[in-house]
Amino acid sequence: MWLTSKIKQLLMVMKPGVVTLNYPHERPPVPANLRGQPVFDHQKCIGCGGCSDHCPARCILVRDVCQELRVMLYDGSRCTYCGRCADICPEQAITMSNSFEIACDQKEDITTRMELFMMTCQRCGRCYEMEKTNAIDRINLKGFRYDNLEQRALIRKTSETFDPTLLQQSDQYQRPSTKE
Amino acid sequence: MSKRKELEAKLIARLRDDVVCVEKTDPRTIFIDVKRAGIREASKIITNAGARYLCSVGYDNIERDGTLGMIHTFALDDSDQFVCCRTSAPENDAIIESITPDLPSAGWSEREVTDLLGLRFAGHPKPKKLVLADDWPDGIYPLRKDVPHNLVPKGAEDVAYELDEAPPGTKIVPVGPFHPSLHEPEHFAVYVDGETIKGCDYRGFMTHRGIEKLCTTQISYNEVPFIAERICGICGSVHATAFSQAVESAAGLVIPRRAEFIRTMMLEFERIHSNLLWLGVAGHLIGFDTVFMQAWRVREQIMWLCERLTGNRKTYGMILVGGVRRDITPEIADDIRRVMKTIEDDLAIIHRAIEKDTSIHKRTKGVGTITKQQALDWSLVGPVARARGVDIDARRDHPYAAYDEMKFEVPVLDSCDVWATLVIRVIETFEAIKIVRQCLEKMPGGEFFVEMKDSIPAQRHAITVVEAPRGESVHYVITGEDNRPERWRVRAPTFPNLQAVPLMLLDEQFGDFPIIMGSIDPCFSCTDRVAVVDLQTGQASSISKAELDALSRQQQARHASLKG
């Protein structure tokens, strides 16, 4: 019994032969709809912040530095490549590319920063709500947003009109702690 | 008389005024509210009615009525019903009678609630810390609503977990947290007499990532499936499906039939890849690496198929509340048929080559034995239970998605050892291939996603089970305000199975520890559900604990400064 099993095992191993690809000299086929590194199109982006609101990893941050200027920051080091941002974008400004070899030494190499000039009416978030009909996909964080980009912290406090004090508070953001 | 009426009559006869109400929100679920004095008696009555204990859920209700809630959940497998027994205790007198003396598998659930919510259990046989770190300060209960999700508590110095006392005449062999036979960080103290294992204590939950807290404070309903998927690297779709089903059930949303078929297919793909993965790992653990290499070669086909279908090898991201994200096109359906054929043929070759191998028999037959009664007492699930003669399978007993239309066998063996587990998982892979084929044949046309017209009302409870490759996963959802769940409890299959490992190890040889442990296909991270930090411990020369702590902290500070 033992011997017949070993002969069968030998045949099982010999038939397929070597199957390991000689990566990186030999590359595996990349499927067309792979969810790779997301690419942001600043021409199409209206700055609604829907991607940020619905990012499970909360790696897309939105910061209004003044009435007209909104900074959007995508931190690739925390991204899980789920593609939820691309789904939720009402303008198809985000595409999941098939680029996956994105390991790097510098975090900045996979960080995308967009500075968008905003028209006042577009920042209310209403335009976004009209775009999405699914009740649970609507935007939760409406109005002006003040995320802390240095600490990569999403701040869940928004205001209807631009509020410099909230912006200042966001700069002083610290994680709650019971340490002295 | 219906099961609900029968249960209600029994409960009222025995408990009288302690029963507040019995309600049935959908055909499957019975909610029983009892006063806290009657909770142990109620759970006895429910288990005596033939129910199987699933898990317990604790929740914070302080803002509403100043109480902490506790729910014990049970399943009636023969009539496809769930029984949820709810009770509560005021915050200032947070103590409830423990049900662990009657149901040993409730032990961990209760210890978890004590750690995370501060609800204590009178009469608990082992009221030690389970989930929280040893240096977590007293009086901070992370799942309470007033504790922020990103709190950095002040750690205590020089506290260590106190292991159970070793039986007389035995020596302790520490296994883990980092050990070649464990693929994830957990600590076992194995008490040995010579080579024979006489007991073991477990200290785990070292990868607790606080997923439940995160999902109930930070993100909205439709992002949870993506985080749920990351509870486990193997059975991701299982958790995503279970969560989505629970929310859909709470919201009363009916999803398109086509979406249910696609979900079924994703779950079966996962089962095929998981069983092949486990077969490989089991081979590896007994030192038979040919099986490991070949099982994983076959498995690669399904990984590539899923990459073409969903855009990723794992963490498919297919499931959303309301349906699925991508459709199965005729081209991909042909692709699936081709891959299923390859896997079926290749697995049959492996199966024939190993089924009569005496070296595998010697390492697995009669190893890790526990009796059927013990398996029932500890409410084991999945292949581990089915290898011990317990005939349960959530796909058949509590059909979800499109399983009601599928025809498949549930293999049950009674040799009660690791070998039976191995055979069952190979047979289940073939059954999974059959199910995928039936899905392709019977799949109706139409939509694969349905949108929600209104937001989901708060304070609705729902429970679902989904059969993962390694056993059944239970998800309990309480809906909340702000477009996110108020409480979400995940019970992964390893949670009950791991509790029975000390029993499986008893009187076995220490050399069999890896395969016995491996036989339950432990997924510590999904049990912990709660980032892995890479720490260099420095040189191997002797180093005191304080020095090690200081070194680790330096390292962490360096990491933090690099980040900033």
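Residues numbered from 1 in each chain as written. Chains lettered and ligands numbered in written order. Predicted model: local features only at pLDDT ≥ 70, side-chain atom pairs only at ≥ 80, totals over all residues. Heavy atoms only, no water.

Draft legend 1. The arrangement of the overall build of chain A in detail. Helices and strands together make up the secondary structure of chain A, namely five helices and seven strands. The order of α-helices and β-strands along chain A, N terminus first, is α-β-α-β-β-α-β-β-α-β-β-α. At 23 Å, chain A has a C-alpha radius of gyration far larger than the 16 Å of a compact globule built from 180 residues. For chain A, the C-alpha atoms occupy an extent of roughly 80 × 45 × 35 Å along the three principal directions. (Helix = DSSP H or I, 4+ residues; strand = E, 2+ residues; numbered from the N terminus. Rg over C-alpha atoms; globule rule 2.2 N^0.38 Å.)

Draft legend 2. Focus on the overall build of chain B. Check the secondary structure of chain B and you find 20 helices and 15 strands. Taking 24 Å as the expected radius of gyration for a compact globule of 564 residues, we find that chain B reaches 24 Å, a close match to that expectation. Here chain B displays about 21,600 Å² of accessible surface, and carbon together with sulfur accounts for 52% of that area. Here chain B carries 70 positive and 82 negative side-chain charges, and the mean point of each set is 2 Å from the other. (Areas by Shrake-Rupley, 256 points an atom, 1.4 Å probe, with all protein chains shown as cover. Lys, Arg positive; Asp, Glu negative; His and termini not counted. Charge placed at Lys NZ, Arg CZ, Asp CG, Glu CD.)

Draft legend 3. Structural detail: the pattern of salt bridges. Residues and elements named next belong to chain B. As enumerated under the stated definition, the model contains 53 salt bridges over all chains in all. With its nearest N and O atoms 3.5 Å apart, the salt bridge here joins E91 to R144. With E91 in the loop between β5 (81-90) and β6 (95-97) and R144 in the loop between β7 (120-122) and β8 (171-175), the pair connects residues that are 53 residues apart, well separated along the chain. Owing to a relative accessible area of 39%, E91 belongs among the partly exposed residues under this scheme. Between R363 and D512 there is a salt bridge whose closest N-O contact spans 3.4 Å. In this pair, R363 is assigned in helix α11 (residues 358-364) and D512 in the loop between α17 (501-505) and α18 (513-519), connecting sequence segments 149 residues apart. On the basis of relative accessible area, D512 is assigned to the buried category, the value being 12%. One connected set of salt bridges, linked through shared partners, spans E268, R271, R386, D393, R395, E428 and E467. (Salt bridge = Lys/Arg side-chain N within 4 Å of Asp/Glu carboxyl O. Buried < 20%, exposed > 50% of the residue type's maximum accessible area, 1.4 Å probe, protein only.)

Draft legend 4. Molecular detail of the side chain of R144 of chain B. Residue R144 of chain B is classed as buried on the basis of its relative accessible area, which comes to 10%. Sequence-distant contacts of R144 of chain B, defined by excluding residues within four places in its chain, comprise D60, I62, L68, E91, L116, L117, G118 and K213 of chain B. (Contact = heavy atoms within 4.5 Å.)

Draft legend 5. Inspection of helix α1 (residues 2-14) of chain A at higher detail. All names here are of chain A. The end-to-end C-alpha separation of α1 is 18 Å, in line with the 18 Å expected for 13 residues at 1.5 Å each. Looking at α1, one finds that the buried residues are S5, Q9 and M12. Buried residues of α1 fall within an arc of 60° about the axis and therefore sit on the same side. The outward face of α1, more than 90 degrees from its buried face, is lined by the exposed residues L3, L10, L11 and M14. (Expected span 1.5 Å × (residues − 1). Arc of directions from axis to C-beta.)

Draft legend 6. Structural detail: the environment of A122 of chain B. Residues and elements named next belong to chain B. One can find A122 in strand β7. Residues A122 and T100 lie 22 residues apart in sequence; the distance between their C-alpha atoms is 9.9 Å. Sequence-distant contacts of A122, that is, excluding residues within four places in its chain, are made with I95, I96, E97 and S98.

Draft legend 7. Main features of the sheet that holds strand β4 (residues 67-76) of chain B. Residues and elements named next belong to chain B. Strand order across the open sheet formed by five strands is β1-β2-β5-β4-β3, with mixed pairing between neighbours. Edge strands, defined here as strands with exactly one partner in the open sheet, are β1 (19-26) and β3 (52-61). Averaged over neighbouring strand pairs, the angle between their axes works out to 20° when direction is ignored. Here β4 pairs with β5 via ten bridges, running antiparallel. Paired with H72 across the strands is C85, a residue of β5. On the sheet, helix α4 (residues 106-117) packs against β3 and β4 and is oriented at approximately 10° with respect to β3. (Pairing = 2+ DSSP bridges. Axes fitted to C-alpha atoms, helices over the stretch in contact; angles between N-to-C directions.)

Draft legend 8. Examining the interface of chain B and chain A more closely. Listed by partner, the interface residues are 55 residues for chain B and 41 residues for chain A. Here chain B meets chain A over a buried area of about 4,100 Å², counting both sides, of which 51% is carbon and sulfur. Together, V152, K154 and R325 of chain B form the three largest contributors to the area buried by chain B at its contact with chain A, with a combined 13%. Counting across the chain B and chain A interface gives three salt bridges. Residues K6 of chain A and D357 of chain B are paired through a salt bridge, measuring 3.0 Å at the closest nitrogen-oxygen approach. Applying the counting rule to chain B against chain A returns 30 residue pairs in polar contact (both at pLDDT 80 or more). Of all the secondary structure elements, the ones that give two or more residues to the side of chain B that touches chain A are α5 (211-217), α6 (224-228), α9 (289-310), α10 (330-354) and α11 of chain B. (Buried area = accessible area lost by both parts, 1.4 Å probe. Polar contact = N/O pair within 3.5 Å; in protein donor to acceptor, adjacent residues only side chain to side chain.)

Draft legend 9. Focus on the confidence of the model for chain B. All names here are of chain B. Here chain B averages 88 in pLDDT, while 94% of its residues score no lower than 70. Helix α15 (residues 418-442) holds the highest mean pLDDT among the elements of chain B, 95, whereas helix α19 (residues 524-528) holds the lowest, 61. A low-confidence stretch, residues 530-540 stays under pLDDT 50, and its non-local contacts, those more than four residues away or across chains, total 16 contacts. (pLDDT = per-residue confidence, 0-100.)

Draft legend 10. Main features of unusual backbone geometry. Put simply, Y23 of chain A and P24 of chain A share a cis peptide bond, and its omega is 5°. Even without glycine at this site, N483 of chain B takes up a positive phi of about 60°. Position of N483 of chain B among the secondary structure elements: in the loop between β14 (471-479) and β15 (485-491).

Draft legend 11. Fine view of the environment of G445 of chain B. All names here are of chain B. By the secondary structure assignment, G445 is in the loop between α15 and β13 (461-468). Look at G445 and you get exposed, because its relative accessible area is 58%. In the structure, G445 is positioned 189 residues away from P256 in sequence and 9.5 Å away in space, judged by C-alpha atoms.

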